[in-house]
Amino acid sequence: MSRPEVNRVHRVEVVEVERLTPGMVRIVFAGDGLEGFLSSGVGDEYLRLFLPKTGHEEPVLPSPTEDGYWEFPDGVDSTEVRTYTVRSWDAVFGRLVIDFVVHEGGIAATWALGARPGHIVGVNTPRGLYDPPEGIRWQLLVADATGLPAALRLAEQAPAGVRTRVVLEVGEPADEQHVDLPADVELTWVHGGNGHGPSRVEDIVRASEFPREPGYVWVAGETRVTRGVRKHLRHELRLPSTAYKVVGYWTANSEQWSERFEALPDTVRKQLSAMWDDETRDVEEVEDEYEATLEAHGL
């Protein structure tokens, strides 16, 4: 038996489109291209979505490389690549579900709003980040709308006997979703943030009382907000790195941020990139240095 590829790029076809709420569209993908798709099974697993540069023409998809990345054929313009979490994966029927936050502007949001059965995109092999230690008795999952699909999947997969509190920040009451969750899961909706006003995600985490028993905190949202959450958990509460996972899913005013990042001196950008090259360093220590460097330059 041949060894399966660990970073295969799959050609997938839209088979269903559903408007879940005013701010979210669910798209179901299927097709022969999903043969051999390797889901990690982790609730917050994410993948790269390869989209056409404009419209809904079929994009040219890359090939995986030995170093775990991908490359496009010579002379072919690369596609638009965005990162999304997997809402669900049905290995029996070969159906991949991704929920898209939709809004005015943005390549992926525009594509999702116009997606119809038969449209083609590419996805690569997903990987998860949620990694609680053995023996936890409780967990706290907090996210804005971008982290909502992953948070709900994590809640649906909550280990039996683990008390799970989920707090989700959406724009307005109409953006709430009705979902069936295990008995040990408590779900709370809050309204605001998500690019329309200040996010309450950091305040929610700071106001939470953590039981003395072993537990786990998972937070996803806007990068500056999650940066504050991580500082609270790591440097103020001094939790071990195994007790939390904090992920920035998007950046407010991303175009302006990117322009300011590109305007940094070459030495600084090289320094930021090189921080991640040393695989012997503790990831959380690298993150500390990376965030401190960005903040020192107003980012």
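These numbers come from a predicted model, not from an experiment. The residue numbering used here restarts from 1 in each chain and proceeds along that chain's sequence as written. For this predicted model, a pLDDT threshold of at least 70 governs which residues receive local features, and a threshold of 80 or more governs which side-chain atom pairs are given and counted, while totals over whole chains, interfaces and linings are taken from all residues. To obtain the side-chain values, all non-hydrogen atoms of the structure were used and water was disregarded.

Turning our attention to the overall build of the protein. Looking only at helices and strands, the protein has seven helices and 14 strands in total. Its C-alpha atoms give the protein a radius of gyration of 20 Å, within 12% of the compact-globule value 19 Å for 299 residues. A principal-axis box enclosing the C-alpha atoms of the protein has dimensions of 55 × 50 × 45 Å. The buried share of the protein, reckoned over its 299 residues, is 42%. We count a stretch as a helix when DSSP gives it H or I for four or more residues in a row; a strand needs E for two or more, and each element gets its number in order from the N terminus. We take the radius of gyration over the C-alpha atoms and set the globule estimate at 2.2 Å times the residue count to the 0.38 power. Buried means the residue's accessible area, taken with a 1.4 Å probe over protein chains only, is under 20% of the maximum for its type, while exposed means over 50%, and partly exposed covers the values in between.

The next point concerns the sheet that holds strand E13 (residues 215-222). In short, DSSP must find at least two bridges between two strands for them to pair. Taken in spatial order, the five strands make up an open sheet running E12-E11-E10-E13-E14, and their pairing is parallel. Taken across any chain shown, the strands that pair with only one partner, and hence form the sheet edges, are strand E12 (185-191) and strand E14 (244-250). Taking the axes of each pair of neighbouring strands and ignoring which way they run, one obtains an average angle of 10 degrees across the sheet. Where E13 and E14 come together, six bridges link them in parallel fashion. Bridge pairing in E14 places Val219 opposite Val246. Helix axes use the C-alpha atoms of the stretch in contact, all axes being lines fitted to C-alpha atoms, and the angles between their N-to-C directions lie in the range 0 to 180 degrees.

Here we take up the packing of helix H4 (residues 223-236) against helix H7 (residues 283-296). Closest axis-to-axis distance for the H4/H7 pair is 12 Å, and the angle between their directions is 135 degrees. Between H4 and H7, the interaxial angle falls into the category oblique. Considering the relative orientation of H4 and H7, their crossing is left-handed. Within the contact between the two elements, H4 uses Arg227, Arg230, Lys231, Arg234 and His235 and H7 uses Glu284, Glu285, Glu287, Asp288, Glu291, Leu294 and Glu295. Gly is placed with the polar residues, together with every amino acid not listed as nonpolar (Ala, Val, Leu, Ile, Met, Phe, Trp, Tyr, Cys and Pro) or charged (Asp, Glu, Lys and Arg). Here the residues of the contact of H4 with H7 are counted per class, giving one nonpolar, one polar and 10 charged. Oblique is the label for any angle not covered by the other classes, which are roughly parallel (under 35 degrees), roughly antiparallel (over 145) and roughly perpendicular (65 to 115). By the definition used in this description, the sense in which the near helix is turned from the far one sets the handedness, with an anticlockwise turn below a right angle giving left-handed and a clockwise turn giving right-handed. Note on contacts: a residue pair qualifies if any of its non-hydrogen atoms lie within 4.5 Å across the two residues.

One side-chain nitrogen of Lys or Arg within 4 Å of one carboxyl oxygen of Asp or Glu is enough to make a salt bridge. As enumerated under the stated definition, the model contains 21 salt bridges in all. A salt bridge links Arg269 to Asp266; the shortest N-O distance between them is 2.4 Å. Of this pair, Arg269 and Asp266 are both found in helix H6 (residues 266-274), three residues apart, which corresponds to roughly one turn of the helix. What emerges from the salt-bridge pattern is a single network uniting Arg230, Arg234, Glu284, Asp288 and Glu291.

Below, the discussion takes up a negative patch on the surface. Judged by side-chain charge, Glu66, Asp67, Glu71 and Asp74 come together as a negatively charged surface patch. Given a relative accessible area of 88%, Glu66 falls into the exposed group. Patch criteria: residues need more than 30% relative accessible area and no salt bridge. Like-charged residues are merged within 9 Å; nonpolar side chains of Val, Leu, Ile, Met, Phe, Trp and Tyr are merged within 5 Å. To be clear on the numbers: accessible area is Shrake-Rupley with a 1.4 Å probe, and residue cover counts the displayed protein chains and nothing else. Note that His is not counted, nor are the chain ends; the positive residues are Lys and Arg, and the negative ones are Asp and Glu. Each charge is placed at NZ for Lys, CZ for Arg, CG for Asp and CD for Glu.

With that settled, the discussion passes to the packing of H6 against H7. Close contact between H6 and H7 brings their axes to 10 Å; oriented N to C, the two are set at 160 degrees. By the criterion of interaxial angle, the relationship of H6 to H7 is roughly antiparallel. Crossing handedness for the pair H6 and H7: left-handed. The segment H6 lies against H7, with Val268, Gln271 and Leu272 engaging Glu289, Tyr290, Thr293 and Leu294. Of the residues in the contact of H6 with H7, the class split is four nonpolar, two polar and one charged.

Strand order across the open sheet formed by seven strands is E6-E3-E9-E1-E2-E8-E7, with antiparallel pairing between neighbours. Each edge of the sheet is formed by a strand with only one pairing partner; in this case those strands are strand E6 (80-85) and strand E7 (88-90). Each strand of the sheet is rotated relative to its neighbour by a mean of 35 degrees, with strand direction disregarded. The pairing of strand E3 (residues 46-51) with strand E9 (residues 120-124) spans two bridges and is classified as antiparallel. Paired with Leu49 across the strands is Val123, a residue of E9. Sheet contacts for helix H1 (residues 107-114): strand E1 (9-21), strand E2 (24-30), E3, E6, strand E8 (95-101) and E9; angle to E2, the most-contacted strand, approximately 75 degrees.

We note that Asn194 has phi near 55 degrees; this positive angle belongs to a residue other than glycine. Even without being glycine, Asn253 reaches a positive phi, approximately 50 degrees. Tracing the sequence through the fold places Asn253 in the loop between E14 and helix H5 (254-262). For Asn253, a relative accessible area of 55% gives the class exposed.

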